[in-house]
Amino acid sequence: MFVFSSISTASFGATPNPEDSPSELEEVKVKAQKEVSSPYQAVVSTTAAKIDVPLRDIPQTVNVIPKALMEDQGAISLQDALRNVPGIGFSNGDGQRDQVNIRGFSAIADQFVDGIRDDALYFRDLANVEQIEVLKGPAAVLYGRGSSGGLINRITKKPFDKPMINLTTTIGSYDFQRYEADINQPLGDNVALRITGARQKSDGFRDQSFTDREFIAPSIQFDISEKTRLLLQAEYLDDRRLNDFGVPAINGRPVKVNIDTYYGSANARRDDYVQSRVSAGSFVLEHKFSEDVKLRNAFRMYHYDLDRNNTVVSSITGTISNPIANRRYSTVQREEDGYFNQTDLSIKTRAFGLEHALLFGMEFGEQKKDALSGNYQNPASVSLYNPILTPSARVGLSPSDSTGTSTTAAFYMQDLVTLSERWKALVGARYDRFNQETKDNLSSAKLDRVDKEWSPRAGLVYQPADDVSLYGSYTKSFQPSQETFNLAFTNNAAQLAPEETTNYEVGAKLDWLNGNLSTMVSLFRLERTNIKSADPANNNRLIPVGEQRTDGLELSAMGRLAEGWDVNAGYAYMDAKITDSPSTMAVNIVGEPARVALEGNRASLTPRHSANLWVSHRFGNGFGLAGGVVLVGDQYASASNVVKLPGYTRFDASAFYETKRYDLRLTLINLLDKEYYISAHGGADLYNTPGAPRSALLSLRLKF
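What this report covers is the structure whose coordinates are included nearby.

Reading guide: rules and limits
- Per chain, residue numbering runs from 1 following the sequence as it is written.
- It should be noted that, the model being predicted, local features are given only for residues of pLDDT at least 70 and side-chain atom pairs only at 80 or more, the latter also being counted only at that level, while totals for whole chains, interfaces and linings use all residues.
- Side-chain measures were taken over the full set of non-hydrogen atoms in the model, leaving aside hydrogen atoms and water.
- Elements are defined by DSSP. Helices are runs of H or I of four residues or more, strands are runs of E of two residues or more, and each kind is numbered from the N terminus.
- Throughout, radius of gyration means the C-alpha value; the globule benchmark is 2.2 Å times the number of residues raised to the power 0.38.
- Only protein chains enter the accessibility calculation, which uses a 1.4 Å probe; a residue whose area is less than 20% of its type maximum is buried, one above 50% is exposed, and one in between is partly exposed.
- Contacts are assigned to residue pairs with any non-hydrogen atoms lying within 4.5 Å of each other.
- Throughout, the Shrake-Rupley method with a 1.4 Å probe supplies accessible areas, and for residues the shown protein chains are the sole cover considered.
- The pairing criterion is simple: DSSP has to find at least two bridges between the two strands.

## Focus on the overall build of the chain
Broken down by element type, the chain carries four helices and 43 strands. For the chain, the C-alpha radius of gyration of 25 Å lies close to 27 Å, the compact-globule estimate for 704 residues. Based on the C-alpha atoms only, the size of the chain along its principal axes is roughly 70 × 55 × 45 Å. Going through the 704 residues of the chain one by one, you find that 60% of them count as buried. Look at the contacts in the chain between residues 6 or more apart in sequence, and 69% of them connect residues 24 or more apart. Entry remark: accessible area of the chain is about 26,900 Å², with carbon and sulfur atoms responsible for 55%.

Right, here's the structure in full:
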């Protein structure tokens, strides 16, 4: 595989300069902030407070992944980029979407783009991403429902006032081919156009694996006056790939077969594919009444189509010595349309003898989701250790078909108060009205539910020196019934109040080496209550009595160690467990009990220990070397704790030559050819995804 893209070290909201490349090591100035010498270092975040705020002023953990780091690592996917964030575990997302766990909790719906919800279930592309910001802990005060463990916000590339053309070609192992373009062109003194795009095709190390995707994102910016700016953006993505659920498990581990072993249809390109099409458009209008009073309105609408067909292992029968994999062939068809509108008024003022950075906001949105799913006639069973595949046939579909509509109306307020030279406080609250309606298209049945929730936030920051910030915070979020999917007619979820998540956190943010290296440490307790659990007396009935808790420690560092030496590092310890639940979980694995209790079990996809390190060195003559390691402790494939994924250590490296006109980069992944499992389903034990063996990417980027 190979990677290419333009490098920009500017923060969201600043004007990027394409001439500032890591090879030149020029200092990048963030307005009103300290000078930043490392392309890996970020000092400002918009995600944490919806205004430009120094990270040291935020009483909450925020991890920033800049574009330069992603490029140095040869990151192709969102999962590649998020390996730089401690406290994240990976789900295979049914083979159709980006999905992670943050601090022990699923973040399936906690994806945002430029601060606007983007919860459609698909694989994102990095071609138009400037940087990624991960806000840890509940964030409902600014972003509404969801975000138990945190959220992921992609900051997109914006037009600027200088012409630029970056063309990148990347080739690599398993017939990987990717072509990217990033073109910026001023159209006058006050108008600029930028177009980013990508074309990617590849096979994969898994049998019958393939990916075929196209992506384009044009944007145009109008500086209407010195005080008013309008940004228009659009994007289109078409992604088709093998819908791969990975490898089943037996005897508490993924089955011992070659990692390329596939259990689906003999004709997977025809029968087992997932195709996602996403089109979206947005506008952002910003007006400065003065340097202290600003109004911003952001609107985004989208359309999403999903065509997913898959043959998967549904159960394992037979004997331990001769296990049989029974298979199921099914389809999921989704069509979504939605919009969100956010209006924010930020005011800097002095009142009651104190300085205030106030934010007043409102959000309105609607999503309509049509969902058709069902099972076809099951294909033939196969040997678990030596599957001889047969084609799947679209015969005998027994579907479910529903249409769901959800509407959001919310109002919020936040105040970053400077109490004194050394003390600051961040307080806020949000009120949400979230309405869900679902109609069964095969009958006249209907379901509806309205939730009205307050979400608070409070934090205190003490800064005894310019390079030290100590903080404590409290945040809270709510999770409505089936917020990502339509309300189900098979249980009573529509009758139950939202689950609630609370985060208590203390930490420190410290700068070293004259501010060139930024570090963070945090201790937290994250608790989710009212979790819907199956009633032991009736599995079709849910009761809101479950609880899950994560106690954790996170460490991170980013910046410059010495001239030419840049680093990104992180470590997380997470004790995540189900503290209260009457539920049991069915286990379809030979030799294991039919059902297991969940109370006391560790949360799925949450290793107790995980760490990452990446170090790069630029020699000053265009040449550079970089390398790193990812360490992940053992983790469980699901809450049953029956199947354990062994821990692993993976080494990667990169060598590059950068000039003003071109960059050449070689990336080596999994240097020691380690066999490991990078993700699993999270809610079932039968679907475990192997990590890629040793592979290489070579990229050439031309700069005009």
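## Here we look at the pairing of strand β5 (residues 62-66)
For β5, the tally of buried residues reaches five of five residues, placing the bulk of the element in the interior. The alternating pattern of β5 places V62, V64 and P66 and N63 and I65 on opposite faces, both of which are buried. Strand direction decides the pairing type here: β5 and strand β11 (residues 129-136), joined by five bridges, are antiparallel. Across the sheet, residue I65 finds its bridge partner in β11, namely I132.

## Observations concerning the pairing of strand β35 (residues 609-618)
Relative to β35, strand β32 (residues 565-580) runs antiparallel, the two being bridged by nine bridges. Within β35, the residue paired with Y573 across the bridge is H609. In terms of strand pairing, β35 meets strand β36 (residues 623-632) through nine bridges, oriented antiparallel. In the strand pairing of β36, R618 is matched with G624.

## Notes on the sheet that holds strand β6 (residues 88-90)
The strand order across the open sheet formed by three strands is β6-β7-β8, and the pairing between neighbours is antiparallel. Only two strands of the sheet have a single partner each, and these edge strands are β6 and β8 (105-106). Pairing geometry for strand β7 (residues 100-102) and β8, over two bridges, is antiparallel. For I102, the partnering residue across the bridge sits in β8 and is F105.

Fair warning: the whole summary comes from geometry, so function is off the table for now.
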